[in-house]
Amino acid sequence: MNQLRRIFGMKIKNLILPGLLGIAVVVSVALSSSIWINPAHYRNSQQTSVSNNSIIDNKPMSYVYSPTQLIQTDENGKQNMLTNHSSNLISEIGNQMKNYDSKSVDRLSSGNIDEYKKLLEYKNSIILNYPSKISIKIFSKFINDSLSKGPNDSINRIVIPFDDSNEIYLMRDNGFHIYKAKFKNTNVSGLKEAIKNNVGTIPVKIKLINKTPTIDFIKSFEMPQYGYLINKTSQNYYVTRLLPNLHNTNNIKHHRNSVVYNDQSSKQLTFYNSGEAEYFDSRPNFISSDFTQTLIDSYKNISKLSISDNLSNLRYFSYSPKNSTIIYRNYVEGFPIFNQNQYGAVQIKLVDNTSLRYNFSLNNLQIPVPTGGPNIKMNTTKEVVNSLSKAGYDVKKIGPIELGYQWSNSKDSNILVTLQPTWFVYYNGRWNNYNQMINKVGY
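This text gives an overview of the structure that appears in the document. (Residues numbered from 1 in each chain as written. Predicted model: local features only at pLDDT ≥ 70, side-chain atom pairs only at ≥ 80, totals over all residues. Heavy atoms only, no water.)

Assigned secondary structure in the chain consists of 13 helices and 25 strands. With 443 residues in all, the chain has 49% of them scored as buried. Taking all contacts inside the chain whose residues are at least 6 apart in sequence as the whole, residues at least 24 apart take part in 66%. Roughly 22,000 Å² of accessible area belongs to the chain as shown, and the carbon and sulfur atoms make up 46% of that amount. (Helix = DSSP H or I, 4+ residues; strand = E, 2+ residues; numbered from the N terminus. Buried < 20%, exposed > 50% of the residue type's maximum accessible area, 1.4 Å probe, protein only. Contact = heavy atoms within 4.5 Å. Areas by Shrake-Rupley, 256 points an atom, 1.4 Å probe, with all protein chains shown as cover.)

Listed below in structure tokens is the structure:
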């Protein structure tokens, strides 16, 4: 009870939370307590739930592999990133595209930078962006598999003109490949309606920097910060789910900072005190070298790890063919969360072409709560780069710059986290918090 009082009292500044929130907190804590007190009961209930309800069906592949950014280009060529705090804009767009029926898909050009740039600036259109390349056949699931017979290629973004052409353009940054897909009806009126009301705008400009399309945030803007109650999934749940043949307690090793479960066959599960977990499977099913099949298999694998609504905020974030690694992150209001753990929300890595290593977090976002904090002003992309340069960082080594949220654990409660907006900069092979870089925290 004292813990609940601390939660409700922290920095809310005269803001009284709705009664329903209080009930939700009590229920959340009660459920968590029941898990801690009687994990065996939780284990049995989860076994029943998993057997009766497919996790994969709970959140379809099209959801996890949906685009993450929506940019509108108006009739004058001005571009804005669109946001909506009350609804998922990408899902709304997907609903309007679910009845697409393709007539043809043809390669329009390859290697033509000018043509590529022209499409990125297509007046009176919207652009759907992915944070990393995706296969056309996986994107096809976002529009009712209407491109399932399309080319076996990958793309980064989709341009949808608001004219009567009934065409969309599938674009791959690497090599500047452009495909033109013709549909019977692109439902322009429905798309316009989806972005008509209660939509926030952030001024941007898509530029080619070092021959790479880059979203340049050209004006300063404000972003809200969030608080979330979290739920920590019990270790017992994952042991039951991932190591069903573990019967010998001698195969459980306790270390100072971790607990290791080993089935003495091909699987090992390690839980760290930090709230992270690592699962190693040296005998997975067939491992495909095809990119589309790799994404499908990876989705099935993360579904094995997930419970109830854990997939609800999870999105595909990146794929590295060099490291054979796929990373998924949780998203809030269309922006990725960083530092939930050092890997993202879930990372799957192919090791030696024979084994899979999963890294994931036991902590899951549950219920949003007011923070009482003001919106945070964000610098422009140019100001970010200039500040890094003045701080001594080599501008040539700066990679992508991503707008996202920093996961910070609360000092007052172990079931509360804050999400603060900031820039994240890819530098020296990893994502770094811009504020920490400027303040030389860890550098």
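Moving on: the side chain of Asn432. Along the polypeptide, Asn432 turns up in strand 25 (residues 430-433). Judged by its relative accessible area of 2%, Asn432 falls in the buried class. A polar atom in the side chain of Asn432 sits 2.8 Å from the backbone oxygen of Arg430. (Polar contact = N/O pair within 3.5 Å; in protein donor to acceptor, adjacent residues only side chain to side chain.)

Take the layout of surface pockets next. Size it by volume and the second largest pocket reaches roughly 610 Å³. Taken together, 30 residues line the second largest pocket, and the ones lying closest to its centre are Ile287, Asp297, Ser298, Asn301 and Leu356. Looking at which element gives the most residues to the lining of the second largest pocket, the answer is helix 11 (residues 291-305), with 8 residues. (1 Å grid on protein atoms, 1.4 Å probe; cavity = no way out; pocket = protein on both sides within 12 Å on 5 of 7 lines; lining within 4 Å. Points joined across faces, edges and corners; volume = space filled by probe spheres on them.)

With that settled, consider the packing of aromatic side chains. Considering all chains together, one arrives at 23 aromatic pairs under this definition. A ring pair is formed by Tyr122 and Tyr169, whose centres lie 6.2 Å apart and whose planes are at 35 degrees; its orientation type is tilted. Of the two residues, Tyr122 is situated in the loop between helix 7 (113-120) and strand 4 (125-135) and Tyr169 in strand 6 (residues 167-172); the sequence distance between them amounts to 47 residues. Residue Tyr122 is classed as partly exposed on the basis of its relative accessible area of 24%. Here the aromatic residues Phe317, Phe338, Phe424, Tyr426 and Trp431 are joined through ring pairs into a cluster of three or more. Sitting over the ring of Phe317, Arg329 keeps its end group 4.5 Å from the ring centre. (Phe/Tyr/Trp six-rings, centres within 6.5 Å; stacked < 30°, edge-to-face > 60°. Lys NZ or Arg CZ within 6 Å of the ring centre and 35° of its normal.)

Moving on to the side chain of Thr83. Note that Thr83 resides in strand 2 (residues 79-83). Exposure remark for Thr83: the relative accessible area of 13% places this residue in the buried category. Discounting residues that sit within four places of it in the chain, Thr83 has contacts with Leu89, Asn198, Val199, Gly200, Ile202 and Phe335.

This brings us to the pattern of salt bridges. Applying the stated criterion across every chain yields a total of 12 salt bridges. The shortest N-O distance in the salt bridge between Asp101 and Lys184 comes to 3.2 Å. Here Asp101 is found in the loop between helix 6 (89-97) and strand 3 (102-110), whereas its partner Lys184 is found in the loop between strand 7 (177-183) and helix 9 (188-194), with 83 residues between them in sequence. On the basis of relative accessibility, which here comes to 36%, the residue Asp101 falls in the partly exposed class. Judged by its relative accessible area of 56%, Lys184 falls in the exposed class. (Salt bridge = Lys/Arg side-chain N within 4 Å of Asp/Glu carboxyl O.)

The element strand 20 (residues 355-361) is extensively covered by neighbouring structure, given that 6 of its 7 residues are classed as buried. Two strands pair when backbone bridges link them, and strand 15 (residues 276-281) and strand 20 are joined in this way by 6 bridges, in the antiparallel orientation. Considered in strand 20, the bridge of Phe280 is made with Arg357. In this antiparallel pair of consecutive strands, strand 19 (residues 346-351) and strand 20, the connection spans 3 residues, and Asp352 shows a positive phi of 55 degrees. (Pairing = 2+ DSSP bridges.)

What follows is about the environment of Lys149. Structurally, Lys149 can be placed in the loop between helix 8 (136-140) and strand 5 (154-161). Look at Lys149 and you get exposed, because its relative accessible area is 82%. For the pair formed by Lys149 and Ser102, sequence separation is 47 residues and the distance between their alpha carbons is 9.7 Å.

Further remarks concern the nonpolar core. A general feature of soluble globular proteins is that nonpolar side chains tend to end up buried together. In this structure, Phe139, Leu269 and Phe360 are the most contacted members of the largest nonpolar core, which totals 64 residues. It is helix 11 that contributes the most residues to this core, 6 residues altogether. Look past the residues within four positions of Phe139 in its chain and what remains in contact with it is Tyr130, Ile134, Leu147, Ile155, Ile158 and Leu170. Among the nonpolar cores identified, the runner-up in size contains 41 residues, and Leu119, Val204, Met223 and Trp423 belong to it. (Core = buried A, V, L, I, M, F, W, Y, C linked by side-chain atoms within 4.5 Å.)

Turning to helix 7, a few remarks are in order. The periodicity of an α-helix, 3.6 residues per turn, causes residues three or four places apart in sequence to face the same way. For helix 7, the set of buried residues is Tyr116, Leu119 and Leu120. Considered in projection along helix 7, the buried side chains sweep an arc of 105 degrees and stay on one side of the axis. Residues of helix 7 that are exposed and angled more than 90 degrees away from the buried face: Asp114 and Lys118. Measuring from the backbone nitrogen of Asp114 back to the side-chain oxygen at the start of helix 7 gives 3.2 Å, which picks out Asn112 as the cap. (Arc of directions from axis to C-beta.)

Locating Ile126 in the fold gives a position in strand 4. Ile126 gets classed as buried once you look at its relative accessible area, which sits at 0%. Taking the C-alpha atoms as reference points, Ile126 and Asp74, 52 residues apart in sequence, are found 8.6 Å from one another. The contact partners of Ile126, leaving out residues within four places of it in the chain, are Leu70, Ile71, Gln72, Ile93, Ile158, Val159, Ile160, Phe162 and Ile195.

A word on the pairing of strand 14 (residues 267-272). Where strand 13 (residues 258-262) meets strand 14, 5 bridges bridge the pair, whose relative direction is antiparallel. Across the sheet, residue Val260 finds its bridge partner in strand 14, namely Thr270. Taking the residues between adjacent antiparallel strands as the criterion, strand 13 and strand 14 are bridged by 4 residues, where Gln264 takes a positive phi near 60 degrees. Bridge count for strand 14 against strand 15 is 5 bridges, and the pairing is antiparallel. The partner of Phe271 across the bridge, within strand 15, is Ala277. Taking the residues between adjacent antiparallel strands as the criterion, strand 14 and strand 15 are bridged by 3 residues, where Gly275 takes a positive phi near 95 degrees.

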